[in-house]
Amino acid sequence: MTEVAKLLLVSGGSLVGGNILDALEGRREAIEVHATNSAASGCGLERFDTVHLTPPTVKDPVEFERRLIEVIDRVLPDLVIPCRDDDVVFLADLRTRRPDLERCILCGTPEVAEATFDKASSGRFCAEHGLPFAPTLATPAVSSEAVTFAWIHGYPLLVKPVSGYASRDVRLVLNEGQLLRAASAPGMLIQRYLGDPEGVLDWRREIDDIGLPLFHTFEGLKYSIQIMIGPDGRCAGNFCSINVNRHGTSTQLERYSGEDARELGLCCATAFAKAGWRGPVNIQCHKAPEGALFIYEFNARFSGATAARRLMGYDEVGLAIALFTGVKIATVPVPGFSDRVSRIAVDRVESDRLQ
């Protein structure tokens, strides 16, 4: 058992990287935290022990791999943690091709990584494992398929990129003309809208009456389930919160103890473990008007709410370090656990810590 755990955060300058550092605040005596980053400077980089410049993960994967291996050989990390979805896919593939690195990379098989990155694959994964995924139609689709889908699920419908994140480029279609144009676009999904359809239609009528508001959103509440699958394939953590989202980012979290979310988390953990996944998985859900929880997205990593969950008593970073390195870090200090956490922006000096 190692006495000091060395962590290497891939894309450590990201929102997730900052969350991991926040979750470790005040208890880094038994760990070193190193990072790679594709930008030469950024907010929060001074908080790492070392930072190493790499190309962007997908821009030049051959050069990225060469540089990442160089950093791994230099740092000798006990745990390599992906912070972005691109990194998850890349590291899952690397883990398969380099068995000598399998012990230290916090992820699982390439097939599962792809199933979390690509929402069409997510739907197929859920169908295979009996998990409730939001009804989805991949594009391009023939007109009759799209019309039938709308007849079954009604308007509005969501149109989103297959591999998008944080609600970027997501649209609501309100009529058949919009739907058919969306159905012809490659790389998109048409999905049942799980919110209140009348609220959207009322908003549309209000636009016709009094004009378009400068700011508006239909993000509402989402149910976020964060699970942890240990190296032995067992579910080691299962935590659910109801999140208030603004611009794709959670601004307030409240613990949700409903049996429906707990059971869904356990079912997902069983499915992911069986498929060969190890480490954290974030399961994003909406509750449909009839009351059922539906999954609409997976993230096979820590998330932008990791630090907030620690303040609610779920220490997923400490749990991962203990499970995958054997090092147990302190569970305190924190101001005191709470069932509700608000997230606020923090100003930091931009710095350059590259080596």
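Higher on the page you've got the structure.
Some thoughts on the packing of aromatic side chains
Item 1. Here the structure, examined in full by the defined rule, presents 6 aromatic pairs.
Item 2. Residues Phe272 and Phe298 carry aromatic rings whose centres are separated by 5.1 Å and whose planes lie at 75° to one another, so their mutual orientation is edge-to-face. In this pair, Phe272 is assigned in helix α9 (residues 259-274) and Phe298 in strand β14 (residues 293-299), connecting sequence segments 26 residues apart.
Item 3. Linked through ring pairs, Phe125, Phe272 and Phe298 together constitute an aromatic cluster.

Let's talk about the side chain of Arg27
Item 1. Counting through the fold element by element, Arg27 comes out in the loop between α1 (15-24) and β2 (31-37).
Item 2. Among the polar contacts made by the side chain of Arg27, one reaches the main-chain carbonyl oxygen of Ala330 at a distance of 2.6 Å.

Remarks on the pairing of strand β9 (residues 188-192)
As a general feature of sheets, a regular strand has side chains that alternate between the two faces.
Item 1. Judged by how many residues are buried, β9 sits mostly within the fold: 5 of 5 residues are covered.
Item 2. Pairing analysis gives 3 bridges linking strand β6 (residues 136-138) to β9, with the strands arranged antiparallel. When the sheet's bridge partners are listed, Thr136 is paired in β9 with Gln191.
Item 3. Where strand β7 (residues 157-161) and β9 come together, 5 bridges link them in antiparallel fashion. If you follow Leu158 over to β9, its bridge partner there is Gln191.

A few points about the sheet that holds strand β5 (residues 79-82)
Item 1. Spatial ordering of the open sheet is given by β4-β2-β1-β5, a layout of 4 strands whose pairing is parallel. The sheet terminates laterally at β4 (50-53) and β5, the two strands that pair on one side only. Each adjacent strand pair in this sheet contributes to an overall mean axis angle of 20°, direction not counted.
Item 2. Of the strand pairs in this sheet, strand β1 (residues 5-10) and β5 are connected by 4 bridges, and their pairing is parallel. Among the inter-strand pairings, Leu7 is bridged to a residue of β5, identified as Leu79.
Item 3. Its contacts with the sheet put helix α2 (residues 61-75) on β1, β2, β4 and β5, and the angle it makes with β1 is roughly 165°.
Item 4. Against the sheet, helix α3 (residues 85-97) contacts β1 and β5, and its axis sits at roughly 135° relative to β5.

Reading the values: the criteria
- Residues numbered from 1 in each chain as written.
- Predicted model: local features only at pLDDT ≥ 70, side-chain atom pairs only at ≥ 80, totals over all residues.
- Heavy atoms only, no water.
- Phe/Tyr/Trp six-rings, centres within 6.5 Å; stacked < 30°, edge-to-face > 60°.
- Helix = DSSP H or I, 4+ residues; strand = E, 2+ residues; numbered from the N terminus.
- Polar contact = N/O pair within 3.5 Å; in protein donor to acceptor, adjacent residues only side chain to side chain.
- Buried < 20%, exposed > 50% of the residue type's maximum accessible area, 1.4 Å probe, protein only.
- Pairing = 2+ DSSP bridges.
- Axes fitted to C-alpha atoms, helices over the stretch in contact; angles between N-to-C directions.
- Contact = heavy atoms within 4.5 Å.

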